[in-house]
Structure formats: C-alpha cells, structure tokens
Amino acid sequence: MKRSILILLMLLAGSTAFGQEVQKEITKLGGKARAYYLFVPDKLTKDRPAPLLLLLHGSGRNGVSLVDKWKDLAKKEGIILVGPDAINSQGWSSPVDGPDFFYELITELQSKYPIDARRLYIFGHSAGASFALYMALYESEYFAATAIHAGGLTNRDQALVEWAKRKIPIHIAVGTVDRLVPLANVRATRDMLNSNGFNAQLVEMEGHDHWYYDKAPKINAAAWAFLKEQKLADDPRYVKHTFR
C-alpha cells in the first residue's frame, strides 16, 4: 500500500507544476556569479511549452522588482518570467549584461523547462527599457518582440536601427508628464524606428509620470496583449557580437 502511494505521488509530481512562487537563483555564466529571479507557472509540459519573458529592471532596482509585478498575469497566462540583476544596479551595459548573458541564461532555462523558442520576449522599464530596445535590435531574429515602459533611443542609435536584421515588433508605453524620459524623446524613438520600416506602437498615458509600479497591472496587461500575438516564423537565430 505504501509503495502504491509513493508511486502515485511520483507520477503526480512528474505531471504537474514546477511551482508558482518566485525563486531567487544564482548562476555562473561567463565566469561570474549572477543572480536572477524566476517564476515558472503550473502545468507546463513538453506538449504545452510556455512563452518566456525576460524582464529588465530600472536603475537602483533588481530583477524581483519586475517579476513581482508580472507574476499574477504570468500565472493566468502561463508565462515563464526571468528577471536577472544587472552587474551594476544603476544600469545595464554591453557586453557584461547582454546579449550573450541573456542568451546563455535562456539556453540554461531551456534545458530545464519546456519553453517555446519562437516566443521569447523582452520587457524593460526605464534603464531596462532602453537596454531592451538595444537587445531587440541586436537580436531581432532571436527575440519575437519587445515591450517597454519609459525608455527610448538616441540619435546615435540610428545605425543600429538600420542594421537590425528583422523589423522586430516593438510596443512602447510612456507617461505624458514623464520628466526623466520626456514624451518628445519617445516620439522621436518611434519615428526613428518607423522611418526605417518598423511598426513600433506608442501608447501615451495621459497624466502619467515615470513611476511604473503603481500602474504596473495596466502597463503589463497592455504589453502582454501586444507581445502574445507575436511569434517567430522560424526557429530563433542568435547572432554573436563583438563590442569594443
């Protein structure tokens, strides 16, 4: 009888959840210990691989600051969330933070969880938003789409926009009274992208400033409504870059 119960429990464990709590993990990719926060929804199987959303935090924050704001929606929609910490919490930079680290981290997660490789997405806020745009342009054939809040490009990024291999779908949200990332700058980002063949969507949030956290449910819901409709037509292609 005890043996039968044990076998039943093992079968149930193998066929149900990975867990629905945010976990802090440490990995040693690139020879450095890196922290990231992981949320894996229930009921994933090889027959039902999940989309993965890479979350890039703002200055002075860490990965959990976004994962915590996304986890309720991720439970409902069946999204794997991964929120790494930047090497320097004040901002993201290449090559130490990406794109290689993101690719290696996602590859590591793919060895453990059933992930839909054609549905890899990025969401970033503030400093993480601008870096998400860079990563989307560098790896436009690897990520299916990106969505950001309160971030943008500069005139110096024109060459990168022109270089991007694929016109990756981009969704941008910004407050009309954001003093850190002015609306005019974000409109210029949209115009730069779209004048180069992209179809970047811009949502202007009336009366909203730079603060993401109070309005996170609304921002995230709009971002996910956009992202979940995007999927690579072919298997993802990662391009390795040399940064000077």
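Nothing here was measured: the structure is a model prediction, and the numbers come from that model.

1. Brief notes about the side chain of R34
For R34, the position within the fold is in strand β2 (residues 32-39). What R34 contacts, discounting residues up to four positions off in sequence, is E25, I26, T27, L29, D85, A86, I87, V96, D97 and F101.

2. Notes on the sheet that holds strand β3 (residues 50-56)
In spatial order, the strands read β1-β2-β4-β3-β5-β6-β7-β8; together these 8 strands make up an open sheet with mixed pairing. Edge positions in the sheet fall to β1 (23-29) and β8 (201-205), since each has one partner strand and no second. Taking the axes of each pair of neighbouring strands and ignoring which way they run, one obtains an average angle of 20 degrees across the sheet. Pairing of β2 with strand β4 (residues 80-84), which is carried by 4 bridges, proceeds in the antiparallel orientation. The residue of β4 that forms the bridge with Y36 is P84. Contacting β7 (170-175) and β8, helix α6 (residues 183-194) runs over the sheet at an angle of about 165 degrees to β7.

3. Brief notes about the nonpolar core
I80, L109 and L193 are the most contacted members of the largest nonpolar core, which has 49 residues in total. Not counting the four nearest positions on each side in its chain, I80 is found in contact with L38, F39, V40, P41, L44, A50, P51, L52, L53, Y113, P114 and I115. Formed by 27 residues, the second largest nonpolar core is a distinct cluster that contains L55, L73, A144 and Y213.

4. What about the environment of A200?
Inspection of the secondary structure assignment puts A200 in the loop between α6 and β8. Placed 84 residues apart in sequence, A200 and D116 show a C-alpha to C-alpha distance of 24 Å. Excluding residues within four positions of it along the chain, A200 makes contact with I170, R190, L193 and N194.

5. A few points about helix α7 (residues 216-227)
Look at α7: 16 Å from first C-alpha to last across 12 residues, which is about the 16 Å you get at 1.5 Å a residue. Of the residues making up α7, those classed as buried are A216, I219, N220, A223, W224, F226 and L227. What you see down the axis of α7 is that its buried residues fit within an arc of 155 degrees, all on one side. Every exposed residue of α7 that faces more than 90 degrees away from the buried side is listed here: P217 and K218. Where α7 is buried, its residues touch β3, α2 (64-77), β5 (115-125), β6 (145-149), β7 and β8.

Rules of the game
- Residues numbered from 1 in each chain as written.
- Predicted model: local features only at pLDDT ≥ 70, side-chain atom pairs only at ≥ 80, totals over all residues.
- Heavy atoms only, no water.
- Helix = DSSP H or I, 4+ residues; strand = E, 2+ residues; numbered from the N terminus.
- Contact = heavy atoms within 4.5 Å.
- Pairing = 2+ DSSP bridges.
- Axes fitted to C-alpha atoms, helices over the stretch in contact; angles between N-to-C directions.
- Core = buried A, V, L, I, M, F, W, Y, C linked by side-chain atoms within 4.5 Å.
- Buried < 20%, exposed > 50% of the residue type's maximum accessible area, 1.4 Å probe, protein only.
- Expected span 1.5 Å × (residues − 1).
- Arc of directions from axis to C-beta.

Just distances and angles here, no functional claims.
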